[in-house]
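Listed below are the residues making up each chain.
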Amino acid sequence: MSVMVARKKVVRKWEKLPGRNTFCCDGRIMMARQKGIFYLTLFLILGTCALFFAFECRYLAVQLSPAIPVFAAVLFLFAMATLLRTSFSDPGVIPRALPDEAAFIEMEIEATNGTVPQGQRPPPRIKNFQINNQIVKLKYCYTCKIFRPPRASHCSICDNCVERFDHHCPWVGNCVGKRNYRYFYLFILSLSLLTIYIFTFNIVYVALKSLKIGFLNTLKETPGTYPSMSLTVLTVLEVLICFFTLWSVVGLTGFHTFLVALNQTTNEDIKGSWTGKNRVQNPYSHGNIVKNCCEVLCGPLPPSVLDRRGILQQEESTAQEGSCPQGPGTQEAPATQGPGQAQEGHSVLSLQVPALSVSDTKMPEEKQRTPGELLVPSPDAGRVEH
């Protein structure tokens, strides 16, 4: 007989999440789909630091101090750690509403706004929320079917609503929001220090070499044995990369330092939420730079609400053939399926039971009893036929 054995296939929730994100390592890593510029960021950082450690650091460690490559390595590792933490983490994505929740919200909106006549534009879907005696509007997201929390916004690139949305940064390959903003700020801060550090000691290296053999001879120097192992052409290349990177990274760090001091996001600054015509004060600011910095950079980090590695179970069935002895009265019942029966992909266990034939066995006839009548044995019962 054939037996259908059911197996459970484990499906994680990240495989069914909507939006335009990519996941790796069984949902542990979450990034945007557009990761080309992120790879360029890695190439620039790794390439510049590799040239610095391979050429200048050895010479500077001997001529000046062995602490120079050590401090550079610390800055490099810290910058890489914060970059990967920013790029691979959940920025604070808000789950979309379930069908029942979306239907309930639609009923609430219709009950509040009433029936809108045809040809008229429906009123905006907003809710007023009070924070620190300040009215804040909660806007409705037509994609996620939710009223977004305060300071949240929908990212058009990742197609998700992000809590305390700051901006989408292609250089890190992810959105910057409530759960990874502090790591983003620490990344650009450490990268600024690393860029200034490499830029400064590259100039010091060229100056020291020029004092010994002259500037033109330094530029013409070719790789050889130590201590003339440095290739000055690559040093000049590093100086150029650091020079052009310095303005953008240091400027970006200064801008975000200003935002952290005010407890404000890039999205709010661009839209002019607190500095526009209404001159509305920022309800999230504590009025103190130290308190604002402590809240943004040192406050409690909320957990992810996506539950990316949660389990969704689906069953799969596999058929196993086995031989079973059958009696003379055993017959195989044809397998038929109705509309309400199990379909392919579900487990079905079929057993064959021998059918009893009424004609093969003579059953004693019994007198039909009425309800309440006692069964009286026949007087012939118990006699033995001689």
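Residues numbered from 1 in each chain as written. Predicted model: local features only at pLDDT ≥ 70, side-chain atom pairs only at ≥ 80, totals over all residues. Heavy atoms only, no water.

**Details of the pairing of strand 6 (residues 134-141)**
Where strand 5 (residues 126-131) lies against strand 6, six bridges are found, and the strand directions are antiparallel. Across the sheet, Phe 129 pairs through a bridge with Val 136, a residue of strand 6. Counted along the chain from strand 5 to the antiparallel partner strand 6, the turn is two residues long, and its residue Asn 132 has a positive phi close to 55 degrees. As judged from the two bridges shared by strand 6 and strand 7 (residues 146-147), these two strands associate in the antiparallel manner. Across the sheet, residue Tyr 140 finds its bridge partner in strand 7, namely Phe 147. (Pairing = 2+ DSSP bridges. Helix = DSSP H or I, 4+ residues; strand = E, 2+ residues; numbered from the N terminus.)

**A closer look at the packing of helix 1 (residues 36-63) against helix 2 (residues 67-88)**
Two numbers describe how helix 1 lies on helix 2: the axes approach to 10 Å, and their chain directions differ by 170 degrees. The angle between helix 1 and helix 2 falls in the class roughly antiparallel. Contacts between helix 1 and helix 2 involve Phe 38, Thr 41, Leu 42, Ile 45, Leu 46, Cys 49, Phe 52, Phe 53, Cys 57, Leu 60 and Ala 61 on the former and, on the latter, Ile 68, Pro 69, Ala 72, Ala 73, Phe 76, Met 80, Leu 83, Leu 84, Ser 87 and Phe 88. Here the residues of the contact of helix 1 with helix 2 are counted per class, giving 19 nonpolar, two polar and no charged. (Axes fitted to C-alpha atoms, helices over the stretch in contact; angles between N-to-C directions. Parallel < 35°, antiparallel > 145°, perpendicular 65-115°, else oblique. Contact = heavy atoms within 4.5 Å. Nonpolar A, V, L, I, M, F, W, Y, C, P; charged D, E, K, R; others polar.)

**Side note on the UniProt feature "transmembrane region" (unreviewed entry) in the protein chain**
Per the UniProt record, "transmembrane region" (unreviewed entry) is found at residues 37-55, 67-84, 183-208 and 228-250. Overall, residues 67-84 shows 100% helix and 0% strand. The separation of its end C-alpha atoms is 26 Å. Annotated as residues 183-208, this span is 100% helix and 0% strand, and its ends, taken at the C-alpha atoms, are 37 Å apart. (UniProt positions renumbered as here; feature names shortened; annotations may be inferred.)

**Quick look at the environment of Ile 37**
Within the secondary structure, Ile 37 is located in helix 1. Taking relative accessible area as the criterion, Ile 37 reaches 36% and is therefore assigned partly exposed. Remark: the alpha-carbon pair of Ile 37 and Cys 169, spanning 132 residues in sequence, is separated by 9.5 Å. If we ignore the near neighbours within four places in the chain, the residues touching Ile 37 are Pro 170 and Trp 171. (Buried < 20%, exposed > 50% of the residue type's maximum accessible area, 1.4 Å probe, protein only.)

**Details of the pairing of strand 3 (residues 29-32)**
Burial along strand 3 is two-sided: the face carrying Ile 29 and Met 31 and the face carrying Met 30 and Ala 32 are both buried. Looking at chain direction, strand 2 (residues 21-24) and strand 3 are connected through four bridges and run antiparallel. Across the sheet, Phe 23 pairs through a bridge with Met 30, a residue of strand 3. The antiparallel pairing of strand 2 with strand 3 creates a hairpin that spans four residues between the two strands, and Cys 25 there sits at a positive phi of about 55 degrees.

**Comments concerning the pattern of salt bridges**
With the rule as written, the count across this model stands at six salt bridges. Measuring nitrogen to oxygen at the nearest pair gives 3.0 Å for the salt bridge that ties Arg 125 to Glu 106. Note that Arg 125 is positioned in the loop between helix 3 (99-113) and strand 5 and Glu 106 in helix 3, a separation of 19 residues in sequence. Ionic contacts of the salt-bridge type, sharing partners, join the residues Arg 20, Arg 96 and Asp 159 into one network. (Salt bridge = Lys/Arg side-chain N within 4 Å of Asp/Glu carboxyl O.)

**Topic: the sheet that holds strand 7**
Ordered by their spatial adjacency, three strands build an open sheet running 5-6-7, and the pairing between neighbours is antiparallel. In this open sheet, the two strands that pair with only one neighbour each are strand 5 and strand 7.

**A word on the side chain of His 168**
You can see His 168 is positioned in strand 10 (residues 167-169). Overall, the relative accessible area of 15% leaves His 168 in the buried class. Every residue in contact with His 168, bar those within four places of it in the chain, is listed here: Ala 32, Cys 155, Ile 157, Cys 158, Asn 174 and Cys 175.

**Some points on the nonpolar core**
Counting residues in each nonpolar core, the largest one holds 38 residues, and the members touching the most others are Ile 45, Leu 83 and Phe 187. Sorting the residues of this core by element identifies strand 3, helix 1, helix 2, helix 4 (181-213) and helix 6 (232-262) as the ones contributing at least two each. Counting residues per element, this core draws most heavily on helix 4, which supplies 13 residues. Ignoring any residue separated from it by four or fewer positions in sequence, one finds Leu 83 in contact with Phe 38, Thr 41, Leu 42, Ile 45, Val 172 and Phe 187. Counting eight residues, the second largest nonpolar core, distinct from the first, contains Ile 94, Ala 97, Cys 141 and Cys 144. (Core = buried A, V, L, I, M, F, W, Y, C linked by side-chain atoms within 4.5 Å.)

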